[in-house]
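Spelled out from the first residue to the last, the chains are:
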Amino acid sequence: AQTVTQSQPEMSVQEAETVTLSCTYDTSESDYYLFWYKQPPSRQMILVIRQEAYKQQNATENRFSVNFQKAAKSFSLKISDSQLGDAAMYFCAYRSAFINNQGGKLIFGQGTELSVKP
Amino acid sequence: GAGVSQSPSNKVTEKGKDVELRCDPISGHTALYWYRQRLGQGLEFLIYFQGNSAPDKSGLPSDRFSAERTGESVSTLTIQRTQQEDSAVYLCASSGGIFGEQFFGPGTRLTVL
């Protein structure tokens, strides 16, 4: 079974600085997707970024980028120029690329609570 | 609608009562998922619907939990004889994109007294 681990329960960053959130996962599959979701106090889960395992190039979305190390099964999220609105719980998630395998359900890590100091 | 909606937003119930939670997915999305999020925890998969196929119920924690979905529309999650350990936020997501991104509703916070 696949597992996702986020080893940092809490992180803090100064506004305008850069922060990196860690995520590792375990799988025997060769093709899968990895996601970072943001959950502010409103509870709404917001997709931040997606990485396809078959792509070597790291995904980037504006101030958000990932460092995907497939061999090490590591998938970290870097937030540049942190803003107060980035404060939230961040979840790393795994999904098999084979829909017939587990139906595409997401497997989540325990989350990292990010605070941004003004 | 523009996004996934869920109702009620909050539900307080007494131990032993039954509750029904509702999810309206994004129009056209064929897949629908229910997750449970306990306080300070990640999301746990409960059940998955894909079109008219038999649902994947592998995540349901006990036979007190059940869910229904009619076609590709609304889904209801029912918890019978609620227990205090059922207190959590119940999140619904629907999916229909190429990469299967799941779009989440705002959740229902269930409190069992």
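Residues numbered from 1 in each chain as written. Chains lettered and ligands numbered in written order. Predicted model: local features only at pLDDT ≥ 70, side-chain atom pairs only at ≥ 80, totals over all residues. Heavy atoms only, no water.

Asker: Describe the overall build of chain A, and please don't skip the residues or the numbers.
Answerer: Along chain A, the regular secondary structure elements total zero helices and 12 strands. Counted from the first residue to the last, chain A has its helices and strands arranged as β-β-β-β-β-β-β-β-β-β-β-β. In terms of C-alpha radius of gyration, chain A reaches 14 Å, essentially the compact-globule figure of 13 Å for 118 residues. Dimensions along the principal axes, computed over C-alpha positions, put chain A at roughly 45 × 30 × 20 Å. For chain A, the share of sequence-separated contacts (at least 6 apart) that also reach a separation of at least 24 residues comes to 57%. Taken as a whole, chain A presents about 5,600 Å² of accessible surface, with 47% of it coming from carbon and sulfur. (Helix = DSSP H or I, 4+ residues; strand = E, 2+ residues; numbered from the N terminus. Rg over C-alpha atoms; globule rule 2.2 N^0.38 Å. Contact = heavy atoms within 4.5 Å. Areas by Shrake-Rupley, 256 points an atom, 1.4 Å probe, with all protein chains shown as cover.)

Asker: Give a detailed account of the environment of B:Val74, specifying residues and quantitative values.
Answerer: All names here are of chain B. Examined against the element boundaries, Val-74 turns out to sit in the loop between strand 6 (65-69) and strand 7 (75-79). C-alpha separation for the pair Val-74 and Asp-86, spaced 12 residues apart in sequence, amounts to 22 Å. Those residues in contact with Val-74 that lie beyond four places of it in its chain are Arg-22, Cys-23, Asp-24, Pro-25, Glu-68 and Arg-69.

Asker: So what's going on with the pattern of salt bridges? Residues and values would help.
Answerer: All names here are of chain B. Considering all chains together, one arrives at nine salt bridges over all chains under this definition. Close ionic contact of Arg-64 with Asp-86 constitutes a salt bridge, the shortest N to O distance being 2.8 Å. Separated by 22 residues along the polypeptide, Arg-64 in the loop between strand 5 (43-50) and strand 6 and Asp-86 in the loop between strand 7 and strand 8 (88-95) bring together distant segments of the chain. Grouping residues by exposure puts Arg-64 and Asp-86 together as buried. (Salt bridge = Lys/Arg side-chain N within 4 Å of Asp/Glu carboxyl O. Buried < 20%, exposed > 50% of the residue type's maximum accessible area, 1.4 Å probe, protein only.)

Asker: An account of the packing of aromatic side chains is requested, with residue identities and associated values reported.
Answerer: Under the counting rule described, the total for this entry stands at 16 aromatic pairs over all chains. Centre to centre, the rings of A:Tyr37 and B:Phe104 are 5.4 Å apart; their planes meet at 85°, and the pair counts as edge-to-face. Of this pair, A:Tyr37 sits in strand 5 (residues 32-39) while B:Phe104 sits in strand 9 (residues 102-104), placing the two residues on different chains. Per residue, the accessibility class of A:Tyr37 equals that of B:Phe104, and both read buried. Between A:Phe108 and B:Tyr35, the ring centres sit 5.7 Å apart and the planes meet at 90°, which makes this aromatic pair edge-to-face. Here the residue A:Phe108 occupies a position in strand 11 (residues 107-108), and B:Tyr35 occupies one in strand 4 (residues 31-37), the pair thus bridging two chains. By the burial criterion, A:Phe108 is buried, and B:Tyr35 matches it. Through pairs of rings, three or more aromatic residues link up here, namely A:Tyr33, A:Phe35, A:Tyr37, A:Phe91, A:Phe108, B:Tyr33, B:Tyr35, B:Phe45, B:Tyr48 and B:Phe104. (Phe/Tyr/Trp six-rings, centres within 6.5 Å; stacked < 30°, edge-to-face > 60°.)

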